[in-house]
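# Residue-level structure breakdown
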2 protein chains.
Amino acid sequence: MFDLQQYLDARVDWVNEALDQALPQPTEHPVRLHEAMRYSLFIGGKRLRPILCMATAEAVGGTAKAALPIGVALECLHTYSLIHDDLPAMDDDDLRRGQPTLHKVYGEANAILAGDSLLTLAFEVLAQQPHGAPLSLELAQAAGSRGLAGGQYEDLAEEQHAQNRETLMRIHANKTGKLIRAACRMGGISAGANTDQLDALGRYGQSIGLAFQIADDILNVTSTQEVLGKSVGSDAKREKLNYIACIGMESAQAEAHDLVGQAIKQLDALSGDKAPLQALAHYVVERLT
Amino acid sequence: MFDLQQYLDARVDWVNEALDQALPQPTEHPVRLHEAMRYSLFIGGKRLRPILCMATAEAVGGTAKAALPIGVALECLHTYSLIHDDLPAMDDDDLRRGQPTLHKVYGEANAILAGDSLLTLAFEVLAQQPHGAPLSLELAQAAGSRGLAGGQYEDLAEEQHAQNRETLMRIHANKTGKLIRAACRMGGISAGANTDQLDALGRYGQSIGLAFQIADDILNVTSTQEVLGKSVGSDAKREKLNYIACIGMESAQAEAHDLVGQAIKQLDALSGDKAPLQALAHYVVERLT
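Residues numbered from 1 in each chain as written. Chains lettered and ligands numbered in written order. Predicted model: local features only at pLDDT ≥ 70, side-chain atom pairs only at ≥ 80, totals over all residues.

### Quick word on the overall build of chain A
Counting its regular elements, chain A contains 15 helices and 2 strands. Here the C-alpha radius of gyration of chain A, 18 Å, is about what a compact globule of 289 residues would show, namely 19 Å. Taken over 289 residues, chain A has a buried fraction of 56%. Considering only contacts in chain A between residues 6 or more positions apart, those separated by 24 or more positions represent 70%. (Helix = DSSP H or I, 4+ residues; strand = E, 2+ residues; numbered from the N terminus. Rg over C-alpha atoms; globule rule 2.2 N^0.38 Å. Buried ≥ 20, exposed ≤ 12 C-beta atoms within 10 Å, placed from the backbone. Contact = placed C-beta atoms within 7 Å.)

Here is the structure:
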């Protein structure tokens, strides 16, 4: 029987240790910038993207350890996006994971530069791995103006406050989905997966990425501030696009569970160790029950 | 006789055309973000880094056309750094190249995201070139917290207002020097240069990078706002570190010319077409006379 919690705990430790080694030491010049990069990286986080990356590598016969540095790059990129999203000019959030956001502690200039540095470090780490160029391409396409940065732009843009399902799907796909999809494909690339396997991993990632975002929207309405680490209902208050306002709570919950089923179906095409990916697909929405 | 102006005019056209093709079309979704990326890229600029990259490729027997996409990546990265440096939380500049800075026209959030997107696009472009991984590594190391972003951090940091020569040298090396050095090495990498050739190109780049920055500091004192495209003496007014305050005008001019000589000496080790690199070394300081 696969024990997900034990699996997650062990993998989180691996990721944290690898991050610690990949980041410049906090004593290294310029000290405050390196402290700031570490503050946001080590304030918490489920390490979902690195864990998915390692699990997808194993699902096509590769090793988690070979995929671990790629997980480091993914977490650096994810953390950069949170830092910049929280900035006063963007979402203007004071809390992240129950702690003051980076710009509240280190100032705005340092937060911008720490984000820039983490984004850059992600590509520095990837460039030193086998398959460095295809891995970098995958990450850059997921992160740029046609992916994460574009999704954040559109999420902020005033004209998008209309609760339109098509717009919502596109924003979620760009802002969250593409990076989770890339994490899954990059694990496959590190293990030398073929095109069919990469396609299946990509579809798996796309489905759980969307399920994850719907779950987040549900939690933003139903959870407590203590659990969430940020103000409850803050998305609705800011009139940010969210699934609940768009299709209602019941449909949102049903859709999240449907997506998990679709994700798991993709695993039929793979021949490695699939138990972690099955459990992880359930995990992204199980926080709801 | 080598005609530098004709050479520069032709190369600037190549770079601008390649940038236009590499950037998402301004009609592509999200439109305002893609417009913003293009605004800053096409507002002007000497395209020094791409031109150096092509010239160094030719100096070791490669072709300018093969190095051109690498030049696109360099210019995207350089432009990202200007956009973020100009932000209110950073240098808070209203003018760049005689035009309103990006955040004045498109707003702060869009400026942050356009910078992020250009930084990401630089790596997307490199990943699709031959030698994609070593090229990405070179660029990331020059741009991250140990390079450009770290230099900008230290330039902003209050404790650095002391006019200390060692600090000044380190900031200039990180903020400007390393990217120009990387541009020169990346041209060499694209042409398959060996380690000795890359070292020589790196030293050439390091010397002209520093000369270029000293020249900038001199121009900030001596030029007119019309020529400079920003407020004259603005660095001194903000008590930003600069060479003139640190070692005086005469020493600064002498040092800039010395560095040009050191740069040209490095070309002895190369066997390709060196005329452009010789002329470019003089060009970075000739604006002074």
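### Topic: the interface of chain B and chain A
At the junction of the two partners, chain B supplies 40 residues and chain A supplies 40 residues. Grouping the amino acids of the side of chain B that touches chain A by side-chain chemistry returns 22 nonpolar, 13 polar and 5 charged. (Nonpolar A, V, L, I, M, F, W, Y, C, P; charged D, E, K, R; others polar.)

### A look at the relation of the copies chain B and chain A
Least-squares fitting of chain B to chain A yields an RMSD of 0.0 Å, with the transformation described by 0.0 Å of translation along the axis and a rotation of 180°. Interpreted geometrically, this transformation is the action of a two-fold axis. Taking C-alpha positions as reference, the residue of chain B nearest the rotation axis is Ala133(B), located at 2.5 Å. When you check the interface residues of chain B against chain A, 100% turn up at the interface there too, and the contact is symmetric in its surfaces. (Least-squares fit on C-alpha atoms with pLDDT ≥ 70 in both.)

### Observations regarding the nonpolar core
Grouped together as the largest cluster of nonpolar side chains are 187 residues, with contacts concentrated most on Ala122(A), Leu139(A), Ala211(A), Ala122(B), Leu139(B) and Ala211(B). Sequence-distant contacts of Leu139(B), that is, excluding residues within four places in its chain, are made with Ala73(B), Leu77(B), Ala122(B), Leu126(B), Ala182(B) and Met186(B). (Core = buried A, V, L, I, M, F, W, Y, C linked by C-beta atoms within 7 Å.)

### Regarding helix 2 (residues 31-41) of chain B
For helix 2 of chain B, every residue scored as buried is listed here: Leu33(B), His34(B), Ala36(B), Met37(B), Tyr39(B), Ser40(B) and Leu41(B). Buried-residue contacts for helix 2 of chain B involve helix 8 (148-156) of chain A together with helix 1 (4-22), helix 4 (64-86), helix 5 (102-106) and helix 6 (108-127) of chain B.

### A few points about the packing of helix 2 (residues 31-41) of chain A against helix 6 (residues 108-127) of chain A
Residue and element names in this part refer to chain A. Taken N-terminus to C-terminus, the directions of helix 2 and helix 6 make an angle of 75°; their axes are 9 Å apart at the nearest point. As the angle between them shows, helix 2 and helix 6 are arranged roughly perpendicular. For the pair helix 2 and helix 6, contact is made by Arg 32, Leu 33, Ala 36, Met 37 and Ser 40 and by Asn 110, Ala 111, Leu 113, Ala 114, Ser 117 and Leu 118, respectively. Along the lines of polarity and charge, the residues of the contact of helix 2 with helix 6 split into 7 nonpolar, 3 polar and 1 charged. (Axes fitted to C-alpha atoms, helices over the stretch in contact; angles between N-to-C directions. Parallel < 35°, antiparallel > 145°, perpendicular 65-115°, else oblique.)

### Observations regarding the packing of helix 8 of chain A against helix 6 of chain B
Between helix 8 of chain A and helix 6 of chain B, the shortest axis-to-axis distance is 9 Å and the interhelical angle comes to 165°. On the basis of the axis angle, helix 8 of chain A is roughly antiparallel to helix 6 of chain B. As helix 8 of chain A packs across helix 6 of chain B, the resulting crossing turns out to be left-handed. Residue-level contacts link Ala149(A), Gln152(A), Tyr153(A) and Leu156(A) of helix 8 of chain A to Ala109(B), Asn110(B), Leu113(B), Asp116(B), Ser117(B) and Thr120(B) of helix 6 of chain B. Grouping the amino acids of the contact of helix 8 of chain A with helix 6 of chain B by side-chain chemistry returns 5 nonpolar, 4 polar and 1 charged. (Left-handed = near helix turned anticlockwise from the far one by under 90°.)

### Some points on the environment of Ala55(A)
All names here are of chain A. Relative to the assigned elements, Ala 55 resides in helix 3 (residues 48-59). Sequence separation between Ala 55 and Pro 276 is 221 residues; the distance between their C-alpha atoms is 6.2 Å. Excluding anything up to four places from it in sequence, Ala 55 contacts Gly 187, Pro 276, Leu 277 and Leu 280.

### Considering unusual backbone geometry
Look at the link from His29(A) to Pro30(A): it is a cis peptide, with omega at -10°. Along the chain, the position of Pro30(A) falls in the loop between helix 1 (4-22) and helix 2. In this structure, Asp92(B) is a non-glycine residue whose phi angle is positive, near 55°. Counting through the fold element by element, Asp92(B) comes out in the loop between helix 4 and strand 1 (95-96).

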